[in-house]
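Chain residues, written in single-letter form:
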Amino acid sequence: MTYLLVLIALFILELVYFKVADRFNIIDKPNERSSHSSITLRGGGVVFYFGALIYFIYSGFQYPWFFVGLTLMTLVSFLDDIFTLSNKIRLLIHFSSVLLMAYQLDLFDMPWYYLLIGFIVVVGVINAYNFMDGINGITACYSLAVGGLLMIVNQQMNFIAKDLLIFSMLGVLVFTFFNFRTTAKCFAGDVGSVTIAYILLFALGLLILTTGNLIYILFLVVYGVDAVWTIVRRLLRKENIFEAHRSHLYQFLGNE
């Protein structure tokens, strides 16, 4: 019953956001690198944060440093969706959020290279997750796949509070309903892809630290292969990897 009520609440919150986005013209206009052809509401992935927020309140404020980092990451990503913020501001907030996650994971009590490796992996995966958001259903389905794997492992390992994963996946389900269509009602936006990546990375970090087994990083291998392949390919072609493009493997598969 709790999960059903959370699902209904998230559904309502998503509909409320649609009204806000429509009122303030928070939209995604198609351009030369887009995979869509019509104007679509942007930022529907904010429902991922709502799921985590409900859990945070429901749990009596468990994982506080993680949640502060998630809030900062969500806020700066949402503002960037609307205003296109300075890279310096985004990098500062991302850096602070990753440090807050590291603190929640107790990485500061470990050898310094744990923090360095963790920082590189988290920043890399968050950016890869953001890069890969472009085809209807891709962020939603991959997040459900990774989240589902984490939930299955958690039944045996008990490395994280299960309701954090469940509430977050309920948010993904709501977004999937509106996004995984021929013509999407909304896109995740930076706020969605960055937020769900941050949540999944926190859970994955807890799993790896609990088990001492790095094999679980392979849960993210699909996005990892595509992102790395695309960067290497563009470097070999002497292209500017920081410029917008339409040459991800998933884009060729989805569009061509």
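Reading guide: rules and limits
- Residues numbered from 1 in each chain as written.
- Predicted model: local features only at pLDDT ≥ 70, side-chain atom pairs only at ≥ 80, totals over all residues.
- Heavy atoms only, no water.
- Helix = DSSP H or I, 4+ residues; strand = E, 2+ residues; numbered from the N terminus.
- Rg over C-alpha atoms; globule rule 2.2 N^0.38 Å.
- Buried < 20%, exposed > 50% of the residue type's maximum accessible area, 1.4 Å probe, protein only.
- Contact = heavy atoms within 4.5 Å.
- Expected span 1.5 Å × (residues − 1).
- 1 Å grid on protein atoms, 1.4 Å probe; cavity = no way out; pocket = protein on both sides within 12 Å on 5 of 7 lines; lining within 4 Å.
- Points joined across faces, edges and corners; volume = space filled by probe spheres on them.
- Nonpolar A, V, L, I, M, F, W, Y, C, P; charged D, E, K, R; others polar.
- Phe/Tyr/Trp six-rings, centres within 6.5 Å; stacked < 30°, edge-to-face > 60°.
- Lys NZ or Arg CZ within 6 Å of the ring centre and 35° of its normal.
- Core = buried A, V, L, I, M, F, W, Y, C linked by side-chain atoms within 4.5 Å.
- Salt bridge = Lys/Arg side-chain N within 4 Å of Asp/Glu carboxyl O.

(A) Structural view of the overall build of the protein chain. When its secondary structure is counted, the protein chain shows ten helices and two strands. Sequence-ordered secondary structure for the protein chain, helices as α and strands as β, is α-β-β-α-α-α-α-α-α-α-α-α. Relative to a compact globule of 256 residues, whose C-alpha radius of gyration would be 18 Å, the protein chain shows 18 Å and is just as compact. For the protein chain, the spread of C-alpha atoms along the principal axes amounts to about 50 × 45 × 35 Å. Here the protein chain holds 256 residues, and 46% of them are scored as buried. Once local pairs closer than 6 in sequence are excluded, the contacts in the protein chain between residues at least 24 apart make up 69%.

(B) Region of the structure containing helix α6 (residues 138–157). Helix length check: α6 (20 residues) gives 28 Å between terminal C-alpha atoms against 28 Å at 1.5 Å per residue, within 8%. Within α6 the residues assigned to the buried category are Ile138, Thr139, Ala140, Tyr142, Ser143, Val146, Gly147, Leu150, Val153 and Asn154. At its buried positions, α6 is contacted by α5 (112–131), α7 (162–179), α8 (189–211), α9 (221–236) and α10 (249–255).

(C) Representation of the layout of surface pockets in the model. In this structure, the second largest pocket occupies an estimated 490 Å³ of space. For the second largest pocket, the lining is made up of 20 residues, of which Tyr114, Ile117, Gly118, Ile208 and Leu214 are closest to its centre. Elements with a minimum of two residues in the lining of the second largest pocket: α4 (87–104), α5 and α8. In terms of residue class, the lining of the second largest pocket is made up of 18 nonpolar, two polar and no charged.

(D) Main features of the packing of aromatic side chains. Applying the stated criterion across every chain, the model contains 24 aromatic pairs. Its end group placed over the ring of Phe24, Arg23 keeps NZ or CZ at 5.3 Å from the ring centre. The side chain of Arg181 reaches across the aromatic face of Phe177, ending 5.0 Å from its centre.

(E) Structural view of the side chain of Arg234. Within the element layout of this structure, Arg234 appears in helix α9. The residues touching Arg234, leaving out its near neighbours within four places in the chain, are Glu239, Asn240, Ile241, Glu243, His245 and Ser247.

(F) The arrangement of the nonpolar core in detail. If you look at the biggest cluster of nonpolar residues, it comprises 72 residues, and the most contacted ones within it are Leu150, Ile160 and Phe202. Put simply, the parts of the chain that give this core at least two residues each are α1 (2–23), α2 (46–58), α3 (64–83), α4, α5, α6, α7 and α8. Ignoring any residue separated from it by four or fewer positions in sequence, one finds Ile160 in contact with Tyr63, Asn154, Leu165, Phe202, Ala203 and Leu206.

(G) Spotlight on empty space enclosed by the protein. What the rule picks out here adds up to one cavity of 30 Å³ or more. Roughly 40 Å³ of internal volume is contained in the largest cavity. Elements represented by at least two residues in the lining of the largest cavity include exactly α2 and α3. It is α2 that contributes the most residues to the lining of the largest cavity, three residues altogether. Grouping the constituent residues of the lining of the largest cavity by class yields seven nonpolar, one polar and no charged.

(H) Expanded view of the pattern of salt bridges. In the structure shown here, the tally under the stated rule is three salt bridges. Its salt-bridge partner being Glu239, residue Arg234 comes within 2.8 Å of it at the nearest N-O pair. Put simply, Arg237 and Glu239 hold a salt bridge, and the shortest N to O gap is 3.0 Å. Because the salt bridges share partners, they merge into one network encompassing Arg234, Arg237 and Glu239.

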